4 protein chains.
Amino acid sequence: MPTILGQNQYGKAENRVVRITRNGRTHHIKDLNVSVSLSGDLADVHYSGSNTHVLPTDSTKNTVYAFAKEHGIESAEQFGIQLARHFVTSQEPIHRARIRIEEYAWERIELPEGTDGGIGTDEGAGTDEGAGTDGRAAAGGRAGTGGGVADPPRHSFVRTGQETRVSQITFDGESWEVVSGLTDLTVLNSTNSEFWGYTKDRYTTLREAYDRILATEVSARWRYHWSSDAERTPDWDESYARAKEHILRAFAETYSLSLQQTLYQMGSSVIENRGEIDEIRFSLPNKHHFLVDLEPFGLKNDNEVYFAADRPYGLIEATVLRDGAEPRIPADLTRL
Amino acid sequence: MPTILGQNQYGKAENRVVRITRNGRTHHIKDLNVSVSLSGDLADVHYSGSNTHVLPTDSTKNTVYAFAKEHGIESAEQFGIQLARHFVTSQEPIHRARIRIEEYAWERIELPEGTDGGIGTDEGAGTDEGAGTDGRAAAGGRAGTGGGVADPPRHSFVRTGQETRVSQITFDGESWEVVSGLTDLTVLNSTNSEFWGYTKDRYTTLREAYDRILATEVSARWRYHWSSDAERTPDWDESYARAKEHILRAFAETYSLSLQQTLYQMGSSVIENRGEIDEIRFSLPNKHHFLVDLEPFGLKNDNEVYFAADRPYGLIEATVLRDGAEPRIPADLTRL
Amino acid sequence: MPTILGQNQYGKAENRVVRITRNGRTHHIKDLNVSVSLSGDLADVHYSGSNTHVLPTDSTKNTVYAFAKEHGIESAEQFGIQLARHFVTSQEPIHRARIRIEEYAWERIELPEGTDGGIGTDEGAGTDEGAGTDGRAAAGGRAGTGGGVADPPRHSFVRTGQETRVSQITFDGESWEVVSGLTDLTVLNSTNSEFWGYTKDRYTTLREAYDRILATEVSARWRYHWSSDAERTPDWDESYARAKEHILRAFAETYSLSLQQTLYQMGSSVIENRGEIDEIRFSLPNKHHFLVDLEPFGLKNDNEVYFAADRPYGLIEATVLRDGAEPRIPADLTRL
Amino acid sequence: MPTILGQNQYGKAENRVVRITRNGRTHHIKDLNVSVSLSGDLADVHYSGSNTHVLPTDSTKNTVYAFAKEHGIESAEQFGIQLARHFVTSQEPIHRARIRIEEYAWERIELPEGTDGGIGTDEGAGTDEGAGTDGRAAAGGRAGTGGGVADPPRHSFVRTGQETRVSQITFDGESWEVVSGLTDLTVLNSTNSEFWGYTKDRYTTLREAYDRILATEVSARWRYHWSSDAERTPDWDESYARAKEHILRAFAETYSLSLQQTLYQMGSSVIENRGEIDEIRFSLPNKHHFLVDLEPFGLKNDNEVYFAADRPYGLIEATVLRDGAEPRIPADLTRL
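Keep in mind that this is a model prediction, so the values were computed, not measured.

Rules used throughout
- Residues numbered from 1 in each chain as written.
- Chains lettered and ligands numbered in written order.
- Predicted model: local features only at pLDDT ≥ 70, side-chain atom pairs only at ≥ 80, totals over all residues.
- Heavy atoms only, no water.
- Helix = DSSP H or I, 4+ residues; strand = E, 2+ residues; numbered from the N terminus.
- Buried < 20%, exposed > 50% of the residue type's maximum accessible area, 1.4 Å probe, protein only.
- Phe/Tyr/Trp six-rings, centres within 6.5 Å; stacked < 30°, edge-to-face > 60°.
- Lys NZ or Arg CZ within 6 Å of the ring centre and 35° of its normal.
- Expected span 1.5 Å × (residues − 1).
- Polar contact = N/O pair within 3.5 Å; in protein donor to acceptor, adjacent residues only side chain to side chain.
- Salt bridge = Lys/Arg side-chain N within 4 Å of Asp/Glu carboxyl O.
- Pairing = 2+ DSSP bridges.
- Contact = heavy atoms within 4.5 Å.
- Axes fitted to C-alpha atoms, helices over the stretch in contact; angles between N-to-C directions.
- Parallel < 35°, antiparallel > 145°, perpendicular 65-115°, else oblique.
- Left-handed = near helix turned anticlockwise from the far one by under 90°.
- Nonpolar A, V, L, I, M, F, W, Y, C, P; charged D, E, K, R; others polar.
- pLDDT = per-residue confidence, 0-100.

1. Overview of the overall build of chain A
Okay, step 1: From N to C terminus, chain A includes five helices and 15 strands.
Okay, step 2: The buried share of chain A, taken over its 336 residues, is 64%.

2. Quick word on the packing of aromatic side chains
Geometry of an aromatic ring pair is reported as the spacing of the ring centres plus the angle between the planes.
Okay, step 1: A complete count under the given rule lists 44 aromatic pairs over all chains for this structure.
Okay, step 2: Ring plane angle 90 degrees and centroid distance 4.8 Å describe the contact between B:Tyr47 and C:Tyr264, whose orientation is recorded as edge-to-face. Taken together, the positions of B:Tyr47 in helix H1 (residues 43-47) and C:Tyr264 in helix H5 (residues 259-273) put the pair across two chains.
Okay, step 3: Take C:Tyr264: its relative accessible area is 3%, and that puts it in the buried class.
Okay, step 4: Through a chain of ring-to-ring contacts, the aromatic side chains of A:Phe171, A:Trp176, A:Tyr224, A:Trp226 and A:Trp236 assemble into a single cluster.
Okay, step 5: Over the face of the ring belonging to D:Tyr198 we find D:Lys200, whose NZ or CZ atom lies 4.4 Å from the ring centre.

3. Considerations on helix H4 (residues 236-253) of chain C
Okay, step 1: The terminal C-alpha atoms of H4(C), which comprises 18 residues, lie 26 Å apart, in line with the 26 Å expected from a rise of 1.5 Å per residue.
Okay, step 2: The element H4(C) is largely enclosed, with a buried count of 15 among its 18 residues.

4. What about the environment of A:Glu245?
Okay, step 1: Following the sequence through the fold, A:Glu245 ends up in helix H4 (residues 236-253).
Okay, step 2: In sequence terms A:Glu245 and A:Ser193 are 52 residues apart; their C-alpha atoms lie 20 Å from each other.

5. Here we look at unusual backbone geometry
Okay, step 1: Here C:Arg311 and C:Pro312 are connected by a cis peptide whose omega angle stands at -15 degrees.
Okay, step 2: With respect to the element layout, C:Pro312 can be found in the loop between strand S14 (305-308) and strand S15 (313-322).
Okay, step 3: A positive phi angle, close to 60 degrees, is found at B:Glu14, a residue other than glycine.
Okay, step 4: Its place among the elements puts B:Glu14 in the loop between strand S1 (3-13) and strand S2 (15-23).

6. Considering the side chain of A:Glu194
Okay, step 1: You can see A:Glu194 is positioned in the loop between strand S9 (176-189) and strand S10 (214-224).
Okay, step 2: Reaching out from A:Glu194, the side chain makes a polar contact with the side chain of A:Tyr255 at a distance of 2.4 Å.

7. Looking at the pattern of salt bridges
Okay, step 1: Under the criterion given, the structure shown has 108 salt bridges over all chains.
Okay, step 2: The closest approach of N and O atoms between D:Glu103 and D:Lys30, which form a salt bridge, is 3.1 Å. Placement of the pair is D:Glu103 in strand S4 (residues 94-104) and D:Lys30 in strand S3 (residues 26-40), with a sequence separation of 73 residues. This pair shows no difference in class: D:Glu103 is buried, exactly as D:Lys30 is.
Okay, step 3: In the salt-bridge network here, residues are joined through shared partners; they are A:Glu238, A:Arg242, A:Glu245, A:Arg249 and A:Glu253.

8. Some details on the pairing of strand S1 (residues 3-13) of chain D
Okay, step 1: Of all eleven residues in S1(D), nine are buried; the element is thus mostly enclosed.
Okay, step 2: Where strand S15 (residues 313-322) of chain A lies against S1(D), nine bridges are found, and the strand directions are antiparallel. Residue pairing across strands places A:Leu315 opposite D:Gly11, the latter belonging to S1(D).

9. With respect to the environment of D:Ala68
Okay, step 1: Here D:Ala68 lies in helix H2 (residues 57-70).
Okay, step 2: Here D:Ala68 falls in the buried class, since its relative accessible area comes to 0%.
Okay, step 3: Between the C-alpha atom of D:Ala68 and that of D:Lys30, which follows or precedes it by 38 residues, the distance is 9.8 Å.
Okay, step 4: With residues near it in sequence (within four places) discarded, D:Ala68 still touches C:Val305, D:Val17, D:Arg19, D:Ile73 and D:Phe79.

10. Looking at helix H2 (residues 57-70) of chain C
Residue pairs three or four apart in sequence face the same way in an α-helix, which turns once every 3.6 residues.
Okay, step 1: An ideal rise of 1.5 Å per residue puts 20 Å on 14 residues; H2(C) measures up with 20 Å between its terminal C-alpha atoms.
Okay, step 2: Within H2(C), eleven of the 14 residues are buried, leaving the element largely enclosed by the surrounding structure.
Okay, step 3: Within H2(C), burial applies to C:Thr57, C:Asp58, C:Ser59, C:Thr60, C:Asn62, C:Thr63, C:Val64, C:Tyr65, C:Ala66, C:Phe67 and C:Ala68.
Okay, step 4: On its buried side, H2(C) packs onto strand S15 (313-322) of chain B, strand S1 (3-13), strand S2 (15-23), strand S3 (26-40) and helix H3 (76-90) of chain C together with strand S14 (305-308) of chain D.

11. Topic: the packing of H2(C) against H3(C)
All names here are of chain C.
Okay, step 1: Relative orientation of the contacting elements H2 and H3 amounts to 130 degrees, with a least axis distance of 11 Å. As judged from the angle between their axes, H2 and H3 are oblique. Every pair of crossing elements has a handedness; the one defined by H2 and H3 is right-handed. Packed against H2, whose contacting residues are Thr60, Thr63, Val64, Phe67 and Ala68, the element H3 presents Phe79, Gln82, Leu83, His86 and Phe87 at the interface.
Okay, step 2: Classifying every residue of the contact of H2 with H3 by side-chain character gives six nonpolar, four polar and no charged.

12. Comments concerning the side chain of D:Glu103
All names here are of chain D.
Okay, step 1: By relative accessible area, Glu103 is classed as buried at 11%.
Okay, step 2: Engagement of the side chain of Glu103 in a polar contact is seen with the side chain of Lys30, the distance being 3.1 Å.
Okay, step 3: Sequence-distant contacts of Glu103, that is, excluding residues within four places in its chain, are made with Lys30, Asp31, Leu32, Ala76, Thr164 and Arg165.

13. What about the pairing of strand S7 (residues 156-159) of chain C?
Okay, step 1: In this structure, strand S5 (residues 106-108) of chain C lies alongside S7(C), joined through three bridges in antiparallel fashion. Across the sheet, residue C:Arg108 finds its bridge partner in S7(C), namely C:Phe157.
Okay, step 2: By the bridge criterion, three bridges tie S7(C) to strand S9 (residues 176-189) of chain D in an arrangement that is antiparallel. Residue pairing for S9(D): C:Val158 is matched across the bridge by D:Val187.

14. Some points on the confidence of the model for chain A
All names here are of chain A.
Okay, step 1: Across chain A, the average pLDDT comes to 90, with 88% of residues at or above 70.
Okay, step 2: Across residues 117-149 the pLDDT falls below 50, and counting only partners more than four positions away or on other chains, this stretch makes 55 contacts in the model.
Okay, step 3: Across the predicted assembly, pTM comes out at 0.92 and ipTM at 0.90.

15. Looking at the environment of C:Leu284
Residues and elements named next belong to chain C.
Okay, step 1: Tracing the chain through its elements places Leu284 in strand S12 (residues 277-286).
Okay, step 2: Assessed through its relative accessible area of 0%, Leu284 is described here as buried.
Okay, step 3: Between the C-alpha atom of Leu284 and that of Thr21, which follows or precedes it by 263 residues, the distance is 36 Å.
Okay, step 4: In this structure, Leu284 is in contact with Thr216, Val218, Ser219, Leu259, Leu263, Met266, Gly314, Leu315 and Ile316, ignoring residues within four places of it in sequence.

Spelled out as structure tokens, the structure:
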């Protein structure tokens with residue numbers, strides 16, 4: 001046969017699971033988008049359509065929801081590890097599982113005491129009528145929880161959009177690979193960025209810049225050293241928080257002569273300070289902010305007014321590694 | 001002629017203007033997306049293509065950038081008022097200007113003192129070489145600003161994505177209409193929401209719910225009472241902040257028997273507490289979180305595991321008005 | 001009470017329904033996205049949360065699917081009329097129903113006879129094994145339908161993306177309003193477009209153009225004259241096809257001095273030729289194609305190389321009416 | 001130094017170039033989105049910010065536009081080859097160039113002769129007035145080109161959205177790699193698809209299907225055998241057209257027992273019939289169409305009414321190779 005099957009994988013993508021944990025009146029929320037991808041002894045289903053070795057993608061979806069109940073969701077990484085282990089160890093034909101997770105952040109709605117009269121001026125007029133039917137909702141309308149209540153409910157959340165946390169957990173039955181990261185973290189320095197001294201060829205018209213805006217939408221993926229059940233896992237949430245902090249700090253504190261330099265500072269800061277991380281890769285679009293030429297209008301633009309451009313954009317991508325570590329994050333970062 | 005021209009308008013949409021204000025080493029940023037729409041004595045350009053009365057959309061774009069320099073951007077509303085007034089008063093054929101503005105929020109990158117060794121363990125190796133060319137960047141690499149610096153630079157920002165602030169300013173040469181609002185404010189209550197007692201017809205299969213998740217992505221537009229140059233304008237930024245706070249508070253504090261009830265509580269809270277606002281309209285998609293049936297797996301789902309659905313979704317829309325106010329916000333909220 | 005409820009509506013949005021009709025081995029497909037919005041005697045649910053008058057949005061969703069079976073889908077407009085009539089006539093508190101429909105187009109996969117050896121060179125190796133389990137799929141793998149089969153199956157479709165057809169049907173128990181249209185129809189003329197003779201103000205820097213590209217993404221909505229059950233309905237599909245054809249023809253054949261002029265030609269062509277249509281509104285972004293300045297590279301750009309810009313863009317909007325018709329399409333076109 | 005730089009690349013992404021070629025009154029259009037990515041001796045710019053080896057991304061953008069003039073755009077692949085060769089051979093520090101191109105398809109607006117009176121009933125009323133200003137546009141309004149004109153203008157286009165053609169050209173100074181493909185080709189079979197005989201575990205609830213809709217949005221990438229300037233290049237456009245045809249044909253003609261089987265048939269059909277292609281990879285989301293349960297409404301759904309679901313979705317990915325060929329397309333297909 002002249003054609004053969006190469007690398008293949010399958011599973012259910014984008015299972016949106018929300019897990020609520022109730023600790024008395026204080027609730028906690030985890031909001032994930034989980035994608036399962038399995039590979040193994042699956043040639044037959046491609047060649048002949050025989051599904052003998054195929055666990056339906058629908059079952060992998062059900063597993064995500066059942067595991068959210070059975071094991072809870074401590075962190076995206078921990079949840080992914082449980083899922084990956086399950087598929088590889090429970091399904092003989094499955095030799096490798098890759099779990100990708102996006103996590104959406106929520107923060108509690110915490111409001112100051114009413115200031116402009118507060119809702120205390122609203123006496124709940126008209127909100128009680130609907131409740132009488134069966135007494136279930138005698139409180140109808142807004143709860144009468146004033147500021148002095150000892151144990152106010154804490155079950156209200158607002159989604160924060162600063163960045164999306166991502167993770168990919170891969171297990172082949174023996175060793176683990178965990179790559180975590182973030183996307184859509186948009187940052188801007190309004191000064192301390194220059195760009196000059198570059199190569200000039202026939203097609204170069206760009207003028208050198210000695211004080212420009214530097215802005216980017218950080219997409220980063222870092223690979224953990226942890227790869228064996230024999231080792232202790234990192235504290236995934238703490239590690240995420242600190243890696244993000246190092247990235248922000250290096251962005252803010254680097255006096256930049258090029259976005260590549262800023263990238264390297266962000267990466268080396270993570271590698272140097274977080275021993276549990278061996279490798280990090282960034283994809284940094286240069287979100288150009290062009291100084292608008294106001295001279296035709298008799299105005300001088302003293303680094304005040306910029307046009308924020310969409311396309312095209314410079315795209316800077318690189319990996320920073322711990323010396324001796326093997327580079328394994330692929331050149332193209334994908335969303336999940 | 002059997003056909004005639006009806007309502008028409010034109011202008012440059014989505015001018016992305018970023019304004020940096022430097023107060024010593026402390027910078028401030030305003031990031032807007034401004035759309036200009038003009039109407040007036042413009043029949044000829046439609047009937048014959050004569051551009052005699054047409055100020056090019058390119059000129060309206062230039063005006064946005066020039067005004068950002070000449071007048072600064074105090075608030076989106078104030079900036080829109082200046083633009084609208086300019087077009088109507090300076091262009092004889094233009095009788096009405098409508099300025100729409102989206103505002104993207106940035107917050108300062110504020111980092112705790114280094115904890116895991118900080119970047120102080122990074123001695124800036126290799127970051128100085130690039131600077132020698134002309135001495136402009138002798139500091140090359142990260143700035144040597146330790147924690148003890150008296151006046152650290154404050155020019156680093158991270159974009160926050162909680163919601164997008166929007167505004168629409170309309171001027172016809174005499175009176176003003178300002179409609180402001182927000183989009184994409186995603187909120188969730190993990191309890192205190194019921195839905196029962198509804199009409200049941202031949203096509204009703206829904207089961208009543210006595211403890212469900214209530215989540216929505218708030219899109220709100222409120223119209224200010226202010227309409228004349230003779231009156232004092234509201235404090236736009238303060239008004240925005242307080243309106244948003246009332247919306248969040250009412251969402252969190254309402255024990256909800258229907259999303260309509262929650263909507264009305266949010267709206268009436270704004271109208272009752274903010275005298276400068278006459279009317280508010282909401283478009284609230286019911287972001288369904290369905291309790292997953294785990295019984296087939298021998299598990300009980302005690303309001304713990306939910307499937308967050310995309311489509312279809314309930315869509316609840318309504319206006320809440322100050323008694324006596326004229327409803328003028330259109331039924332369909334548009335993005336800008 | 002100082003606040004009152006204004007215009008309100010609710011329903012299930014974006015019900016994705018696909019209807020297959022089998023005519024022997026020839027299948028037909030209708031693919032719609034249906035949004036239901038109901039209004040009427042619904043104050044109570046807002047004021048108190050009483051759902052007594054509320055038919056759940058879930059029931060409106062079920063109705064869409066049940067009606068696809070019971071009545072079929074002859075056209076989006078006809079389907080919407082059936083739904084709107086149902087809600088208003090069967091639910092006493094519902095006084096008005098608005099149905100919005102997006103329709104996605106599919107065309108049959110029609111392939112030429114195999115040319116480069118065809119798949120006939122593939123002998124279906126290995127495709128039969130999977131079928132044996134219960135004999136249901138003895139044909140396993142590709143069907144052995146050679147070119148000479150008398151009645152080849154016709155059940156394969158490819159989605160065409162040229163434009164999306166939209167419709168909005170509103171019924172208040174007495175009269176009807178049907179507004180149909182299209183979105184995302186992207187068209188371009190590479191010549192026969194000029195722009196000059198415009199107003200020049202202090203902020204004008206644009207140079208006049210005597211041969212430019214004119215490109216836009218047509219969004220159009222037209223309102224039918226039909227409003228009463230006493231009149232015969234138009235042939236909705238024929239009317240749609242012809243209106244689109246008139247728009248394309250007028251775009252192609254107009255020598256344009258401004259996008260406004262082209263808009264008016266498109267609109268008047270529809271109104272003059274289609275007696276069933278009283279009013280049409282367009283929203284036309286001017287998709288700028290800027291001539292790239294190649295002089296710095298010693299090259300002359302003789303209207304050959306363009307930069308296709310994203311933002312900002314000119315936005316031209318206008319209504320064209322049959323003389324005497326009342327303008328009722330709102331200024332802001334919304335997607336559905 | 002404990003950290004080192006790994007794989008890195010940079011360039012200008014998403015340069016939108018439109019090239020018009022005029023052959024008398026008949027125009028031709030090429031519409032591309034070109035992304036340049038360069039790598040080589042670029043450690044210094046990361047470590048120190050020295051831009052000595054950095055050709056600005058702005059220059060790479062200019063090169064795209066200049067080359068569109070100097071060389072024309074015969075095909076996306078040919079254009080990418082010229083660009084890649086240029087960067088590697090003209091810039092000593094650049095050792096590898098990767099050019100990614102998306103191509104948007106346009107077709108000519110070809111209209112039937114006017115049927116419902118045509119625009120001939122429109123006497124161009126009012127369209128001439130605007131032209132008088134300087135005589136440049138004496139034809140003002142629609143061109144008077146009736147059906148009988150010998151040489152009608154052919155400069156009007158409508159964008160087709162069936163799929164987007166993509167290509168990636170990589171050159172390291174010696175050998176070439178060309179990977180082409182398509183995205184967003186949405187196809188559907190309304191019958192001849194089954195799914196049964198699969199593994200059932202504790203979490204399996206799916207019922208077997210003996211006649212289901214099979215729909216997917218094909219994303220495919222194929223790698224050409226061509227890798228050396230010593231060999232003749234394929235006819236890129238012909239190869240693309242035929243590969244797409246084989247994919248469509250195999251989709252339509254395969255009686256499918258699983259989407260994996262359909263994938264393999266599509267891939268092997270391309271490999272077997274197109275000798276110039278060595279490898280092809282697919283990413284196929286299973287666009288689920290669920291049969292709606294109409295029994296609660298007393299209706300039988302005889303494979304007629306489906307709910308088209310968005311998320312989650314099955315995702316099937318695999319490579320099909322010519323025996324002996326080396327697999328080089330990465331597991332994750334990226335957009336460009």
